[in-house]
Amino acid sequence: MEFLNEFGDILLKGTMETLYMTFASVFFAYLFGLPMGVALVVSDDNHIMPSKIVNRVLGTIVNITRSVPFIILLIAVIPFTRMVVGTAIGADAAIVPLVIGATPFVARMVESALKELNKGIIEAAASMGCSNLEIIYKVMIPESMPSLVLGSSITTITLVGYSAMAGVIGAGGLGDLAIRYGYYRYESELMLVTIVVLVFIVQAIQFAGNHISKKINRLY
Amino acid sequence: MIKIENVTKIYSNKRGDFLALDDVSMEVEKGDIYGVIGLSGAGKSTLVRCINLLERPTMGKVYIDGEEITAMKKSQLIKVRQSLGMIFQDFNLLMQRNVIDNIKFPLEIAGVDKVEAKKRALELLHLVGLEEKSHSYPAQLSGGQKQRVAIARALANSPKVLLCDEATSALDPVTTLSILNLLKSINEKMGVTIVIITHEMKVVETICNKVAVIESANIVKNGYTKDIIGHFKEV
């Protein structure tokens, strides 16, 4: 009880900040990552819009971004973050590196989901007179939806982790709490509660992802 | 109706060139059920895909109703494709859409309004005898039922031609026969010209009035089924 009186408010605030950072960056990461993932798939040699240049350039960008450890990316993009948000501190500022870090991840998630799709279905759509754009948004994306949903829960969970790291550079959220109280002030009780809350958030996201994916899937 | 003129198709990749069709010509007349028979790898699937340009011939011309489709722009080709239905060995239904929405799909693409599309889809469901399955999903259907849905879908835009790529190869003999009978009645009642790619002589014997025999990228024999069958029996 005493613990709650002392830390209840900051825990709640931290949790809200973590959720805000996570979901806002998931949104933007999909805004950029979904088209990238689609482009990676359709520009492939045997797909509907083959283009070696597009495929290679996108693949390289994705690989470079993904090979930079997030904690380093976080610091490296600070000047850019200042330019976009006006500050490098706080939850809003953290969204910039989070989106940069997660977009290539989303692109790969989308790519692998869309690649699972049976090519025959795309061929059938083409035979019915679908344009390439219609094949993408009326066939490929809806047919891959269960797999895309699963991918999005993995992305979201990864971003919960990333957002905690962003706590290092003053982003707020549960990571920030763990560092300021758990690491600098030896409040091991608060540290423990932070972990419990994070585990709960991750479980909830995974459960929701699995549940929705299964519910919308008509394949079984 | 369909005229294929000196079509050659070469697939090129790093390992070299592969000749899938070697200067092939054939003509399908209105009302025909035209069989194309051959072993796997003979080029028959490539040939049928050259009719709606899912595969573009490396050389040669393809005409539909006297119009050269190999010279068309993509936007014109899309229109032509809507007048050519196609069905496949693996059915290729949209697995996340139910039966009636699968049948409505090509209508949606062609811009038919919703009420009209629903009416048309219900007619087609009746034609293929699957009224009670309209809200089932493909995963809940048997192979024969899936092919019936695929046929209904292929007929949605009232095509002049139905292309069948090994449409019965994944089905058991009894189901095969019922699908062939359905195709025959579509040909007779609706006047749809049908091209059937198959490796089974029985399919040709059962419904095709004409047949072309394809062997290592060439048509080695073609004509009326009754004449060709005789030739085969001798071999």
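The structure we're discussing is the one just above.
Now for a description of the structure that goes with this document.

Rules behind the numbers
- Residues numbered from 1 in each chain as written.
- Chains lettered and ligands numbered in written order.
- Predicted model: local features only at pLDDT ≥ 70, side-chain atom pairs only at ≥ 80, totals over all residues.
- Helix = DSSP H or I, 4+ residues; strand = E, 2+ residues; numbered from the N terminus.
- Buried ≥ 20, exposed ≤ 12 C-beta atoms within 10 Å, placed from the backbone.
- Contact = placed C-beta atoms within 7 Å.
- Rg over C-alpha atoms; globule rule 2.2 N^0.38 Å.
- Nonpolar A, V, L, I, M, F, W, Y, C, P; charged D, E, K, R; others polar.
- Core = buried A, V, L, I, M, F, W, Y, C linked by C-beta atoms within 7 Å.
- Pairing = 2+ DSSP bridges.
- Axes fitted to C-alpha atoms, helices over the stretch in contact; angles between N-to-C directions.
- Right-handed = clockwise from strand over helix to strand, strands pointing away.
- Parallel < 35°, antiparallel > 145°, perpendicular 65-115°, else oblique.
- Left-handed = near helix turned anticlockwise from the far one by under 90°.

Right, let's get into the overall build of chain A. Check the secondary structure of chain A and you find 10 helices and 0 strands. For chain A, the N- to C-terminal ordering of α and β elements is α-α-α-α-α-α-α-α-α-α. With the principal axes as the frame, chain A shows a C-alpha extent of 70 × 40 × 25 Å. Burial analysis of chain A (220 residues in total) assigns 41% to the buried set. A separation of at least 24 residues holds for 68% of the contacts in chain A among residues at least 6 apart in sequence.

A few words on the overall build of chain B. Across its full length, chain B holds 8 helices and 10 strands. For a compact globule of 235 residues, the expected C-alpha radius of gyration is about 18 Å, and chain B comes in at 18 Å, within 12% of that figure. Reported as C-alpha extents along the three principal axes, the dimensions of chain B are approximately 45 × 45 × 35 Å. Among the 235 residues that make up chain B, the fraction classed as buried is 44%. Look at the contacts in chain B between residues 6 or more apart in sequence, and 68% of them connect residues 24 or more apart.

Each partner contributes to the interface: chain A provides 18 residues, whereas chain B provides 18 residues. Counting only elements with at least two residues in the side of chain A that touches chain B, the list comes to helix H6 (119-127) and helix H7 (132-143) of chain A. Ranked by residues supplied to the side of chain A that touches chain B, first place goes to H6 of chain A with 6 residues. In terms of residue class, the side of chain A that touches chain B is built from 10 nonpolar, 4 polar and 4 charged.

Ranked by internal contacts, the top residues of the largest apolar core, which has 126 residues, are Val36, Val195 and Ile196 of chain B. In this view, Ile196 of chain B contacts Ile33, Tyr34, Gly35, Val36, Cys164, Val203 and Cys208 of chain B; residues no more than four positions away in its chain are not counted.

Along the polypeptide, Ile10 of chain A turns up in helix H1 (residues 2-42). When the C-alpha positions of Ile10 of chain A and Leu174 of chain A are compared, they lie 9.1 Å apart, and in sequence the two are 164 residues distant.

The next point concerns the sheet that holds strand E4 (residues 59-64) of chain B. All names here are of chain B. Reading across the sheet, the 4 strands line up as E2-E1-E4-E5 and stay open at both edges, with antiparallel pairing between neighbours. Two strands close off the open sheet at either side, each with one partner strand: strand E2 (16-28) and strand E5 (67-68). Here strand E1 (residues 2-13) pairs with E4 via 5 bridges, running antiparallel. Pairing of Glu5 across the sheet is with Lys61, part of E4. Relative to the sheet, helix H1 (residues 44-51) contacts E1, E2 and E4, its axis offset from that of E1 by approximately 120 degrees.

Regular strands show a simple pattern: their side chains alternate between the two faces of the sheet. Residues and elements named next belong to chain B. Of all 6 residues making up strand E8 (residues 193-198), 6 are buried, and the element is well covered by its neighbours. Alternating positions in E8 separate into two faces, Thr193, Val195 and Ile197 on one and Ile194, Ile196 and Thr198 on the other, with burial throughout. Pairing analysis gives 5 bridges linking strand E3 (residues 33-37) to E8, with the strands arranged parallel. Paired with Ile33 across the bridge in E8 is Ile194. The parallel pair strand E7 (residues 161-165) and E8, bridged by helix H6 (residues 173-190), forms a crossover whose chirality is right-handed.

This part takes up the packing of helix H4 (residues 78-85) of chain A against helix H5 (residues 91-115) of chain A. All names here are of chain A. Contact pair H4 / H5: the axes reach a minimum separation of 9 Å and the direction vectors enclose 125 degrees. On the basis of their axis angle, the class for H4 and H5 is oblique. Remark: the crossing between H4 and H5 carries right-handed chirality. Contacts from Phe80, Thr81, Val84 and Val85 in H4 reach Asp92, Ala93, Val96 and Pro97 in H5.

Residue and element names in this part refer to chain B. One non-glycine residue, Asp23, lies in the positive phi region at around 55 degrees. In this structure, Ala217 takes a positive phi of about 75 degrees despite not being glycine. Since 21 C-beta atoms lie within 10 Å of it, Ala217 is described here as buried.

Remark on secondary structure: sheet strands pair via backbone hydrogen bonds, oriented parallel or antiparallel. Residue and element names in this part refer to chain B. In space, the 6 strands of this open sheet follow the order E6-E7-E8-E3-E9-E10, with mixed pairing throughout. The open sheet has two edge strands with one neighbour each: strand E6 (84-88) and strand E10 (218-224). For this sheet the average axis-to-axis angle between neighbouring strands, irrespective of direction, equals 15 degrees. In this sheet, E10 lies alongside strand E9 (residues 210-215) in antiparallel orientation, the contact comprising 6 bridges. Note on E10: the bridge partner recorded for Lys210 is Tyr224.

All names here are of chain B. Direction vectors running N to C along helix H3 (residues 99-109) and helix H4 (residues 114-128) enclose 130 degrees, while the axes themselves pass 9 Å from each other. Taken together, the axis directions place H3 and H4 in an arrangement best described as oblique. The element H3 and its partner H4 pack so that their crossing is right-handed. Across the interface between the two elements, Ile100, Ile103, Lys104, Leu107 and Glu108 of H3 pack against Ala117, Lys118, Arg120, Ala121, Leu124 and Leu125 of H4. Residues belonging to the contact of H3 with H4 are distributed by class as follows: 7 nonpolar, no polar and 4 charged.

Turning to its location among the elements, Asn210 of chain A is positioned in helix H10 (residues 188-216). Residues Asn210 of chain A and Ser147 of chain A, spaced 63 residues apart in sequence, show a C-alpha to C-alpha distance of 9.8 Å.

This next bit is on the pairing of E1 of chain B. All names here are of chain B. Pairing geometry for E1 and E2, over 9 bridges, is antiparallel. Pairing of Ile2 across the sheet is with Val28, part of E2. Between E1 and the antiparallel strand that follows it, E2, lie 2 residues.

Function-wise, these values are silent; they only describe arrangement.
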